[in-house]
Amino acid sequence: MSNYQEAISFIKESFGTNDFIPLHVPHFGGNEKKYLADTIDTTFVSSVGAYVDQFEAMMASLTTTKKAVAVVNGTAGIQIALKLSGVKSGDEVLTQALTFVATANAIAYNNAHPVFIDVDLDTMGLSPKAVEAFLTEFGELRSDGCYNKKSGRRIAACVPMHTFGFPVHLDKLLEVCAQWNIPVIEDAAESLGSEYKGRQTGSFGQSGVFSFNGNKIVTCGGGGAIVTNDIKLGEKGKYLTTTAKIPHPYEYVHDELGYNYRMPNLNAALACAQLEQLDAFLQNKRVLAAEYKTFFESKGIHFRTETPDTKANYWLMCVELEDKKERDLFLKYTNESAVMTRPIWQLMFRLPMYRDCQKDSQEHALFLEERIVNIPSSVR
Ligand SMILES: *Cc1c(COP(=O)(O)O)cnc(C)c1O
């Protein structure tokens, strides 16, 4: 309790204010106004424009992938990435229950069924060991893919999520999924700028998806991006998210059910200006993370840090409290003192629409659900 009062003082000092301190707010310190004014001056505010192309080029370059597709938000990006990987109605998709609801929703939008696999304690992301154990028990390899012996359904994809920007154990996960012929789609919505063995998250799976929502490390109001090294897949993604239109000088020709999931040029302009500052944001947040680590360690509170072989973007920083009682006290004192903190998400299988989904023991997810709390993490 007295530790918590000290924590509150420390956070207020860190952010240099006695006013309300939010969890994460955008930082606009670059070319945002200039690029936005440019979209208005040129009248290109909508779904075509130079900033959309520039944003896609910047995302491909940042992630060293061959193709990036700008989309209206991260959720839509995951939905389409899953569709591109061949997920069909009635299929199953392996993912973690410890995630933001969008991961599971994007699976459900494809009329597919999420299957919830446990996370690792160190990364808080999908556990390759748990995936392997699940597949060993329930998986059956057939000529057209992996099937779940319990449900009889095809397991069409696997979606790991890099929780708060901490990369999952990618090498082992990719190995297990390849063994079972299951494509990996990375939900990298929270991990823009995070690295695993020197390479950007999102670039490891068949595709990876980022979000540029207002609360993410880089924002464009609302937006998303799919990145992939499979150029054909990327081109198909661009086509599907832009109403499935066949190029023609003047006629409207659409030859399959497409989606209007385009990112407007207005948003892309903001995204370009923000991406220019990503390196500075990453550095800025690392300084705060280091200060938090020193402080919380001295108080006997576990501040979550990146695992070996990875570089986290420290998007939302977090502490791990002793138990649920301590967590609730910490949440109460901080929020009452105008320091915003929030518990990690409720596990997906608690939500009415995912109540009946198959899941494993969830041992680590249950442990973390009761203990992890996000603390103010904005760029200062
Ligand atoms: C933010 C987020 C998304 C979705 O992003 P939107 O752009 O808000 O649709 C998906 N998955 C996770 C884990 C997220 O945190």
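On a predicted model such as this, the values are computed, not experimentally measured, just so you know.

## Some points on the overall build of the protein chain
- Each helix and strand in the protein chain was counted, giving twelve helices and 16 strands.
- Its C-alpha radius of gyration of 21 Å places the protein chain within 12% of the 21 Å reference for a compact globule of 380 residues.
- C-alpha extents for the protein chain along the principal axes are approximately 70 × 60 × 35 Å.
- Expressed as a percentage of its 380 residues, the buried residues of the protein chain come to 55%.
- Sequence-distant contacts, at least 24 apart, represent 70% of the contacts inside the protein chain between residues at least 6 apart.
- Surface summary for the protein chain: the accessible area is close to 16,000 Å², and the carbon and sulfur share equals 52%.

## Description of the packing of helix H4 (residues 74-84) against helix H5 (residues 101-108)
- Between H4 and H5, whose axes approach to 8 Å, the crossing angle comes to 40°. Of the possible angle classes, the one that applies to H4 and H5 is oblique. Handedness of the crossing formed by H4 with H5: right-handed. Residues Thr75, Ile78, Gln79 and Leu82 of H4 form the contact with H5, whose own contacting residues are Ala102, Ala106 and Ile107.
- Partitioning the contact of H4 with H5 into residue classes produces five nonpolar, two polar and no charged.

## Thoughts on the packing of aromatic side chains
- If you walk through the whole model with that rule in mind, you get 16 aromatic pairs.
- An angle of 85° between the planes, with centres 5.2 Å apart, marks the rings of tyrosine 4 and phenylalanine 330 as edge-to-face. One end of the pair, tyrosine 4, is in helix H1 (residues 2-15); the other, phenylalanine 330, is in helix H11 (residues 324-336), with 326 residues separating them in the sequence.
- Ring plane angle 85° and centroid distance 6.3 Å describe the contact between phenylalanine 116 and tyrosine 354, whose orientation is recorded as edge-to-face. With phenylalanine 116 in strand S3 (residues 113-117) and tyrosine 354 in the loop between strand S15 (342-343) and helix H12 (363-369), the pair connects residues that are 238 residues apart, well separated along the chain. Of the two residues, phenylalanine 116 and tyrosine 354, neither departs from the other in class, the shared state being buried.

## Concerning the sheet that holds strand S11 (residues 224-228)
- One open sheet holds the four strands; their spatial order is S1-S11-S10-S7, and the pairing between them is mixed. The two strands at the open ends of the sheet, each matched to only one other strand, are strand S1 (67-71) and strand S7 (185-187). Strand-to-strand, the axes of this sheet are offset by a mean angle of 20°, without reference to chain direction.
- Where strand S10 (residues 207-211) meets S11, five bridges bridge the pair, whose relative direction is antiparallel. The residue of S11 that forms the bridge with serine 211 is glycine 224.
- Strand contacts of H4: S1, S7, S10 and S11, with the helix running at about 165° to S10, the strand carrying the most contacts.

## A word on empty space enclosed by the protein
- Scanning the model with the defined rule gives one cavity of 30 Å³ or more in all.
- What the largest cavity holds in volume is close to 40 Å³.
- Lining the largest cavity are His24, Val25, Pro26, His27, Lys216, Ile217, Thr219, Gln274 and Val379.

## Structural notes on the layout of surface pockets
- Looking at the largest pocket, its volume works out to about 560 Å³.
- Every residue lining the largest pocket is counted, 30 residues in all, and those nearest its centre are Phe100, Asn215, Lys216, Trp315 and Trp345.
- It is H4 that contributes the most residues to the lining of the largest pocket, three residues altogether.
- Among the residues forming the lining of the largest pocket, the class breakdown is 14 nonpolar, twelve polar and four charged.
- For the second largest pocket, the calculated volume is near 240 Å³.
- Surrounding the second largest pocket, Ser47, Val48, Gly49, Val52, Asp53, Lys238, Thr242, Lys245, Ile246, Pro247 and Arg262 form its lining.

## Points about the nonpolar core
- Grouped together as the largest cluster of nonpolar side chains are 77 residues, with contacts concentrated most on Phe55, Met59, Phe164, Phe212 and Tyr292.
- Ranked by residue count, the leading element in this core is helix H10 (residues 278-298), at eight residues.
- The contact partners of phenylalanine 164, leaving out residues within four places of it in the chain, are Met124, Glu190, Asn313, Tyr314, Trp315, Leu316, Cys318, Ile344, Trp345, Ile372 and Asn374.
- Core analysis: the next-biggest nonpolar cluster, separate from the first, contains 25 residues, Ala81, Val93, Ile226 and Tyr239 among them.

## Quick notes on the site of the ligand
- Contacts to the ligand come from 16 residues, most closely from Gly74, Thr75, Glu190, Ser211 and Lys216.
- Aspartate 187 is positioned such that a nitrogen or oxygen atom in its side chain is 2.8 Å from a nitrogen atom of the ligand.
- A distance of 2.5 Å separates an oxygen atom of the ligand from a polar atom in the side chain of glutamate 190.
- Compared with its free state, where it exposes 380 Å², the ligand has 93% of that area covered by protein.
- Listing elements by their share of the shell around the ligand, those giving two or more residues are H4 and H5.
- When its residues are assigned to classes, the shell around the ligand shows five nonpolar, eight polar and three charged.

Cut-offs used in this document
- Residues numbered from 1 in each chain as written.
- Predicted model: local features only at pLDDT ≥ 70, side-chain atom pairs only at ≥ 80, totals over all residues.
- Heavy atoms only, no water.
- Helix = DSSP H or I, 4+ residues; strand = E, 2+ residues; numbered from the N terminus.
- Rg over C-alpha atoms; globule rule 2.2 N^0.38 Å.
- Buried < 20%, exposed > 50% of the residue type's maximum accessible area, 1.4 Å probe, protein only.
- Contact = heavy atoms within 4.5 Å.
- Areas by Shrake-Rupley, 256 points an atom, 1.4 Å probe, with all protein chains shown as cover.
- Axes fitted to C-alpha atoms, helices over the stretch in contact; angles between N-to-C directions.
- Parallel < 35°, antiparallel > 145°, perpendicular 65-115°, else oblique.
- Left-handed = near helix turned anticlockwise from the far one by under 90°.
- Nonpolar A, V, L, I, M, F, W, Y, C, P; charged D, E, K, R; others polar.
- Phe/Tyr/Trp six-rings, centres within 6.5 Å; stacked < 30°, edge-to-face > 60°.
- Pairing = 2+ DSSP bridges.
- 1 Å grid on protein atoms, 1.4 Å probe; cavity = no way out; pocket = protein on both sides within 12 Å on 5 of 7 lines; lining within 4 Å.
- Points joined across faces, edges and corners; volume = space filled by probe spheres on them.
- Core = buried A, V, L, I, M, F, W, Y, C linked by side-chain atoms within 4.5 Å.
- Near = heavy atom within 4 Å.
- Polar contact = N/O pair within 3.5 Å; in protein donor to acceptor, adjacent residues only side chain to side chain.

Purely geometric numbers; function is a separate question.
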